[in-house]
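Topology and contacts: notes
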Amino acid sequence: MEAPSGEPSPDTRAPEIGVDALGYLLVQVTKLHRAHAHAALEELGVYRGQNFILTALGEQEGLAQSELADRLLVRPPTISTSLERMEEAGWIERRPDPGDRRISRVYLTEAGHALRDTVESLWHDLEARTFADLTGEQRDSLWQMLHQIRENLRQRCRPQHYRQRPGSNHSK
């Protein structure tokens, strides 16, 4: 159906619910991408989520555990468990904050920096394979759309919602 100007009319139908819905497709794509990433990371001995910690610390070392949790939209106990494993592997070290010794700051070790570089290369390879058949213009459009979707969700959800367990009755 065309509008009087010859332009296609905006779709006024109710959004599809089910396997053809945009949200469902987004979840499918995310799951497939995560599965490919997990398989590659597993070969390096990196558990799920640890790659995001490596990236965050590569961008800004010395973050407190609570700051990492907020940045990665996870609960603090999740970060604590991951950091314990990473510390045992020799990838990070925790140091007390000089101004408040109750706070632990997290830093990459030399091995952690090397692993971060390897993980970054892995992500570049995965990105190249994931978007191989898209033009530069399509990639730019997708990037803009995904950023807008993320911003929409961030504006409508407080970070503590991400840290709550499903079914918990603890709301602020």
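Residues numbered from 1 in each chain as written. Predicted model: local features only at pLDDT ≥ 70, side-chain atom pairs only at ≥ 80, totals over all residues. Heavy atoms only, no water.

This brings us to the confidence of the model for the protein. Per-residue confidence for the protein gives a mean pLDDT of 84; residues scoring 70 or more make up 80%. For residues 163–172, every residue scores under 50 in pLDDT, and the model assigns this stretch 10 contacts once sequence neighbours within four places are set aside. (pLDDT = per-residue confidence, 0-100. Contact = heavy atoms within 4.5 Å.)

It is worth spelling out the packing of helix H3 (residues 65–72) against helix H4 (residues 76–89) at this point. The interhelical angle for the contact between H3 and H4, taken along N-to-C directions, is 115°, at an axis separation of 9 Å. Overall, the two elements H3 and H4 adopt an arrangement that is roughly perpendicular. Viewed along their axes, H3 and H4 form a crossing whose handedness is right-handed. For the pair formed by H3 and H4, the contact residues are Gln 65, Leu 68, Ala 69 and Leu 72 on the first element and Pro 76, Ile 79, Ser 80 and Leu 83 on the second. Residues that form the contact of H3 with H4 fall into these classes: 6 nonpolar, 2 polar and no charged. (Axes fitted to C-alpha atoms, helices over the stretch in contact; angles between N-to-C directions. Helix = DSSP H or I, 4+ residues; strand = E, 2+ residues; numbered from the N terminus. Parallel < 35°, antiparallel > 145°, perpendicular 65-115°, else oblique. Left-handed = near helix turned anticlockwise from the far one by under 90°. Nonpolar A, V, L, I, M, F, W, Y, C, P; charged D, E, K, R; others polar.)

Attention now moves to the packing of helix H2 (residues 50–59) against helix H5 (residues 110–130). If you want to describe how two helices pack, look at the angle between their axes and the distance between the axes. Taken N-terminus to C-terminus, the directions of H2 and H5 make an angle of 110°; their axes are 10 Å apart at the nearest point. Here H2 lies roughly perpendicular to H5, going by the angle between them. Where H2 crosses over H5, the handedness of that crossing is left-handed. Only Gly 112, Leu 115, Arg 116, Val 119 and Trp 123 of H5 make contact with H2, whose side of the interface consists of Asn 51, Phe 52, Leu 54, Thr 55 and Gly 58. For the contact of H2 with H5, the class distribution of residues is 5 nonpolar, 4 polar and 1 charged.

Turning next to the sheet that holds strand S2 (residues 92–96). Think of a sheet as strands paired side by side through backbone hydrogen bonds, with each pair either parallel or antiparallel. The 3 strands are arranged S1-S3-S2 in an open sheet whose pairing can be described as antiparallel. Edge positions in the open sheet fall to strand S1 (63–64) and S2, since each of these has one partner strand only. Across 2 bridges, the pairing between S1 and strand S3 (residues 104–108) is antiparallel. Counted as the bridge partner of Leu 63 is Val 106 from S3. Packing against the sheet, H2 makes contact with S1, S2 and S3, and its axis sits at approximately 95° to S3. (Pairing = 2+ DSSP bridges.)

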